[in-house]
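The primary structure of each chain is shown beneath.
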Amino acid sequence: MKNTAYVLISLLLTGLFYISCQKNKGGDIVPDNIGINLSDAISIPDLDKKALILNDTIDSGKDLYQRLRTLIFVGEYSSELINKSLWNINDYSIDRAMSFSYISDQDNRTKNVVVREQVSFENETWDYEMTITDEIEGKALLLYWNLNPLKVIAFLQPKAMNFQSLVLRRSIIRVDYNYSDPIFDKTMLVMITGMDSTSVKFMNKLKMFAGQKGDVVHIYGNTIHPYAYLVDPNYVGGRAWTFRAKNNTRLDIAVAKVALPPISLTNDEMPFIWDEYSMDKVLEEEIVTVYNDVTPSIIENYIYTARGVAYFVGPQGFVSNGTDIPQVPGFTPEFIDMTGLQPWAPVDVNNLTIGF
């Protein structure tokens, strides 16, 4: 569960959506909880850290790993936006195929709702499909779901769901949620396109997987920053945050590793990504490019916290890295091992499109 800061910032972010306190169950067939909750250790709503650079300062490995927590939060929070959108129709007992309209409390616009049964999508037959459209902006939310076991594909366009929305306003969000995975208790795949990339500070696309088994969530993904650099303002090619992580939500601890390749990196180059584009190596290369007379000891001050696996304890976040394993319960060899968590090639995420 997120702490008080999460709640306060979530409410601040969502001039977006009204959160209904209770869902009118009855025979309601609409899913009301799509997503996997992460703990503060690896997911924190610090909006200032969506940036890859911070003015003219040089970020250390610790700084960059703290930023990773916000990038992961954006993925987690996207599923919450879909949940909030579904809660908006609490008052309507949806128990079968139907259609109706309502006036949104958020933007005073008419929303039209259509629910259909036994619909085909992506070569699969779904129990139900629900479309919510705005009278002006068009499609706001599209939902496909099966009830037993629960499986959902959801699309959201925030500005159509609430024209007053500010967060991810022009983005398109897709969340695939599944209770029938053979390995995990439940899984979530988040994809976002159309985010703000008008400055070097923001990402424009995200793709993130989370699979929960017991208390532990396995995470991997990429965020795309087309104009970003770490230190060298003359660097071109953008940067992808390519990451893998684990989060024990009960103990509120996490481990993570990040590579920072160019966004053009292909599948053929992925086997070398953790070495060739490790955070410490990329950070050192950019520092040396800009400050060619800098001493090794000064460089070391910035890059020593970027080496190896990073360790997190919530709500503090990054606490150590490499061989300096925290003396905190839960950091077992099994938990630290992230073998098999393989993000996508950055070029594929950069080329990602979402039809809606």
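For the structure itself, consult the block above.
Rules behind the numbers
- Residues numbered from 1 in each chain as written.
- Predicted model: local features only at pLDDT ≥ 70, side-chain atom pairs only at ≥ 80, totals over all residues.
- Heavy atoms only, no water.
- Buried < 20%, exposed > 50% of the residue type's maximum accessible area, 1.4 Å probe, protein only.
- Helix = DSSP H or I, 4+ residues; strand = E, 2+ residues; numbered from the N terminus.
- Pairing = 2+ DSSP bridges.
- Core = buried A, V, L, I, M, F, W, Y, C linked by side-chain atoms within 4.5 Å.
- Salt bridge = Lys/Arg side-chain N within 4 Å of Asp/Glu carboxyl O.

Caption draft 1: Focus on the pairing of strand 5 (residues 150-156). Of all 7 residues in strand 5, 6 are buried, a share of seventy percent or more. As defined by bridge partners, strand 4 (residues 138-147) adjoins strand 5 across 7 bridges and the pair is classed as antiparallel. The partner of Asn-146 across the bridge, within strand 5, is Lys-151. Where strand 4 hands over to strand 5, the hairpin turn is made up of 2 residues, counted between the paired strands. Strand direction decides the pairing type here: strand 5 and strand 6 (residues 172-178), joined by 6 bridges, are antiparallel. Its bridge partner lying in strand 6, Ile-153 is registered against Asp-176.

Caption draft 2: Broad picture of the nonpolar core. By size, the foremost hydrophobic cluster in this structure holds 73 residues, and its most contacted members are Met-130 and Leu-143. Counting residues per element, this core draws most heavily on helix 2 (residues 61-87), which supplies 11 residues.

Caption draft 3: Region of the structure containing the pairing of strand 1 (residues 98-103). Taking every second residue as pointing to the same face, the buried face of strand 1 carries Met-98, Phe-100 and Tyr-102, while none of Ser-99, Ser-101 and Ile-103 on the other face is buried. What sits between the antiparallel neighbours strand 1 and strand 2 (residues 110-121) is a turn of 6 residues, in which Asn-108 has the positive phi angle 60°.

Caption draft 4: Molecular detail of the pattern of salt bridges. Under the criterion given, the structure shown has 17 salt bridges. For Lys-84, the salt bridge identified is with Glu-80, shortest N-O distance 3.7 Å. In this pair, Lys-84 and Glu-80 are both assigned in helix 2, 4 residues apart and thus about one turn of the helix distant. Here Lys-84 and Glu-80 have matching classes, each one buried. Note that Asp-95 and Arg-96 form a salt bridge whose closest N and O atoms lie 2.7 Å from each other. Exposure remark for Arg-96: the relative accessible area of 47% places this residue in the partly exposed category.

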